[in-house]
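Here is what each chain is made of, one letter per residue.
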Amino acid sequence: MKLPLARYMLRRVQDQLLRRTAVALALPLTRPASIHLRLTDRCNFRCQHCDCWKLPREHVQHELDTAAWRDVLAQLRRWIGPCAVHLTGGEVLLRPDLLPIVERARQLGLQVQINTNGSLLDEDLARRLLLAEVGIIMVSLYGVRAETHEQLQGVEGCFPTVRGNLERLAQLRRQLGASTQVRAGYLVTRSNLDQAEPFVHWAARQDIGVVFQPLYENLYRPHGPDWQRDHPLWPEDQAAVARTWNTIGRLKRAGLPVVNSHTFLRAAQRSYDPANRFARACDVGASMLVVDPQGKVRFCYIGQPFGDVRDAPLEHIWRSGSARRRRQEARDCNRGCRVLYCTTLHKSVVDRSRDVLAQLLTEVRS
Ligand SMILES: C[S@@+](CC[C@H](N)C(=O)[O-])C[C@H]1O[C@@H](n2cnc3c(N)ncnc32)[C@H](O)[C@@H]1O
Ligand code: SF4
Ligand code: SF4
């Protein structure tokens, strides 16, 4: 019983040391652990917190086709092994070839996570994704009240569809006995602080896990260092923010389905303190790989590209001289959005021990 825990801890310490060295020296000593494939930047929603729907038309053209994405997946399998890939966007369900891309990833033995606004997740597609054994499907849903969600997503009348599609997905998962984890992504803004608790209770009844997302500056739009000051969704009431994150932590301790680790919840709470600047170097250069819809490769959604999958294999791009320069920039970047990507937030020893114990208990029970 003690050995798996010891082995697990030793492996984590080794990973950490290698990762820290890779970040400090800006060298490709590691392979990416968090892989985001942005299949499209098109979207059918008009969110207040994301500007992808404002991108000019020419920007969203010339997306990689099905064959090119299949090739990216095959490269990842050869280079990294049976890793996990996040399929995201934009709104990924707007890609008519989503299913063939997912099926290819599964054939290659990759784990798949899909992030979606849920509006197009009809019964047929939900069933097919579950049968394809997608690992995680996360639907963005930002409250228990229709007006809150619809205001944030900028689409009148979308709440019943999104919530209904998510509930049906969870139901189908149970009926089919599928291994997929069904999750709701809940962005914490000034307008939904008070709905976090009823939301978690609703999710528990539906057998849905909740991922709380701290607000960050709008994706796709460069902001200044004081972006919080002008952001319309930024919560002014710091006491209410603290209460909300404390409540979320309490619900998690009580066994309700909050997916974030306690370490993450604490860091997320700190990220709402405008004076807070994360002191540690950002480690996306050692851990994260983002391929955008046109094939450009970055370390994070905001950083500059350092290669293009149309021109070179991913592994070469990762080790290239331009990657080295971007790695240095990422290490020295002070934008402080690490909580969002959760790459520097390694779980605490307590969190890790809890995970291992939970895993052991599951094994013993089965
Ligand atoms: C960019 S969206 C793309 C997937 C899909 N369209 C959706 O909305 O779920 C991916 C995730 O980023 C989150 N997100 C978008 N803008 C954000 C922001 N400004 N701060 C924090 N999270 C954000 C969304 O809640 C969503 O779960
Ligand atoms: S967060 Fe998702 S749903 Fe909202 S505009 Fe961005 S891509 Fe679209
Ligand atoms: S802090 Fe890290 S994740 Fe954020 S923009 Fe800078 S390099 Fe990217």
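Residues numbered from 1 in each chain as written. Chains lettered and ligands numbered in written order. Predicted model: local features only at pLDDT ≥ 70, side-chain atom pairs only at ≥ 80, totals over all residues.

K.L.:
Just checking my understanding: could you explain the overall build of the protein chain for this structure?
P.N.:
Of regular secondary structure, the protein chain possesses 15 helices and nine strands. Sorting the 366 residues of the protein chain into buried and exposed places 37% on the buried side. For the protein chain, the proportion of contacts with a sequence separation of at least 24, taken over those separated by at least 6, is 74%. (Helix = DSSP H or I, 4+ residues; strand = E, 2+ residues; numbered from the N terminus. Buried ≥ 20, exposed ≤ 12 C-beta atoms within 10 Å, placed from the backbone. Contact = placed C-beta atoms within 7 Å.)

K.L.:
Honestly, helix 7 (residues 196-206) in this entry has me stumped. Any pointers?
P.N.:
Since the α-helix turns once every 3.6 residues, residues separated by three or four places project in the same direction. Of all the residues in helix 7, the buried ones are Ala196, Phe199, Val200 and Ala203. Down the axis of helix 7, the sector holding all buried residues measures 100°, keeping them to one side. Pointing more than 90 degrees away from the buried face of helix 7 are the exposed residues Pro198, His201 and Arg205. On its buried face, helix 7 sits against strand 5 (181-188), strand 6 (209-214) and helix 9 (238-253). Directly beyond the C-terminal end of helix 7, a positive phi value near 65° is found at aspartate 207. (Arc of directions from axis to C-beta.)

K.L.:
Got a minute to help me understand the packing of helix 9 against helix 10 (residues 262-270) in this structure?
P.N.:
When two helices pack together, their arrangement is given by the angle between the helix axes and by the axis-to-axis distance. Taken N-terminus to C-terminus, the directions of helix 9 and helix 10 make an angle of 175°; their axes are 9 Å apart at the nearest point. By the angle class used here, helix 9 and helix 10 are roughly antiparallel. Across from Ala242, Trp245, Ile248, Gly249 and Lys252 in helix 9, the residues of helix 10 making contact are His262, Leu265, Ala268 and Gln269. When the residues that make up the contact of helix 9 with helix 10 are grouped by side-chain class, the tally is five nonpolar, three polar and one charged. (Axes fitted to C-alpha atoms, helices over the stretch in contact; angles between N-to-C directions. Parallel < 35°, antiparallel > 145°, perpendicular 65-115°, else oblique. Nonpolar A, V, L, I, M, F, W, Y, C, P; charged D, E, K, R; others polar.)

K.L.:
How do you make sense of the site of ligand 1 when you look at a structure like this?
P.N.:
Among the 18 residues in the neighbourhood of ligand 1, the closest are listed as His49, Cys50, Ser140, Gly185 and Tyr216. Secondary structure elements with two or more residues in the shell around ligand 1: strand 3 (111-116) and strand 5. Residue composition of the shell around ligand 1, by class: seven nonpolar, ten polar and one charged. (Near = placed C-beta within 6 Å.)

K.L.:
Explain the site of ligand 2 here, please?
P.N.:
Taken together, Cys43, Phe45, Cys47, Cys50, Cys52, Trp53, Gly89, Gly90, Glu91 and Asn117 make up all the residues around ligand 2. Residues belonging to the shell around ligand 2 are distributed by class as follows: six nonpolar, three polar and one charged.

K.L.:
Help me understand the sheet that holds strand 2 (residues 84-88), please; the structure alone is not making it clear to me.
P.N.:
With mixed pairing, the nine strands of this open sheet are ordered in space as 6-5-4-3-2-1-7-8-9. Unpaired on one side and paired on the other, strand 6 and strand 9 (307-308) mark the two borders of the sheet. In this sheet, strand 7 (residues 288-291) lies alongside strand 1 (residues 34-38) in parallel orientation, the contact comprising four bridges. Pairing of leucine 37 across the sheet is with valine 291, part of strand 7. Of the strands in this sheet, strand 4 (136-140) and strand 5 are in contact with helix 6 (residues 158-176), which crosses strand 5 at around 150°. (Pairing = 2+ DSSP bridges.)

K.L.:
Would you mind going over the pairing of strand 6 with me for this structure?
P.N.:
Remark: a regular strand shows side chains that alternate across the two faces of the sheet. With six bridges joining them, strand 5 and strand 6 adopt parallel strand pairing. Residue pairing for strand 6: valine 188 is matched across the bridge by proline 214.

K.L.:
I tried to follow unusual backbone geometry on my own but got confused; where do I start?
P.N.:
Outside of glycine, negative phi angles account for most residues, and trans bonds account for most peptide bonds. Of note, the bond from glycine 89 into glycine 90 is cis; its omega dihedral lies within 30 degrees of zero at 20°. For glycine 90, the position within the fold is in the loop between strand 2 and helix 3 (98-107). Even without being a glycine, alanine 26 presents a positive backbone phi close to 55°. Following the sequence through the fold, alanine 26 ends up in the loop between helix 1 (2-25) and strand 1. Look at aspartate 207: it is not a glycine, yet its phi comes out positive at around 65°. Topologically, aspartate 207 is positioned in the loop between helix 7 and strand 6.

K.L.:
Mind showing me how you'd approach the environment of leucine 55 here?
P.N.:
Mapped onto the elements of the fold, leucine 55 is located in the loop between strand 1 and helix 2 (66-80). Spatially, the C-alpha atoms of leucine 55 and arginine 221 are 9.5 Å apart, while their sequence positions differ by 166 residues.

K.L.:
Any chance you could explain the pairing of strand 7 here in plain terms?
P.N.:
What you see with strand 7 is no split at all: Met288 and Val290 on one side and Leu289 and Val291 on the other are buried throughout. Hairpin remark: strand 7 followed by strand 8 (residues 296-298), antiparallel, with four residues in the connecting loop; positive phi at glycine 295, about 95°.

K.L.:
How should I be thinking about the packing of helix 2 against helix 3 in this particular structure?
P.N.:
Orientation of helix 2 relative to helix 3, taken along the N-to-C sense of each, is 20°, at an axis distance of 10 Å. Overall, the two elements helix 2 and helix 3 adopt an arrangement that is roughly parallel. As for how helix 2 packs across helix 3, the hand of that crossing is right-handed. For the pair formed by helix 2 and helix 3, the contact residues are Thr66, Trp69, Arg70 and Leu73 on the first element and Pro100, Ile101, Arg104 and Ala105 on the second. Classifying every residue of the contact of helix 2 with helix 3 by side-chain character gives five nonpolar, one polar and two charged. (Left-handed = near helix turned anticlockwise from the far one by under 90°.)

K.L.:
Explanation requested: helix 13 (residues 321-332) in the structure shown.
P.N.:
Counted at 1.5 Å a residue, the expected span for helix 13 with its twelve residues is 16 Å, and the 17 Å between its end C-alpha atoms agrees. Turning to helix 13, its buried residues are Ala323, Arg326, Arg327, Ala330 and Arg331. On an axial view of helix 13, the arc spanned by its buried residues comes to 140°, and they lie on one face. Among the exposed residues of helix 13, those pointing more than 90 degrees away from its buried face are Gly321 and Asp332. (Expected span 1.5 Å × (residues − 1).)

K.L.:
Whenever I open this one, the environment of cysteine 83 confuses me. Can you help?
P.N.:
Relative to the helices and strands, cysteine 83 is located in the loop between helix 2 and strand 2. Spatially, the C-alpha atoms of cysteine 83 and leucine 108 are 9.8 Å apart, while their sequence positions differ by 25 residues. For cysteine 83, the residues in contact, after removing those within four places along its chain, are Ile35, Leu76 and Leu110.

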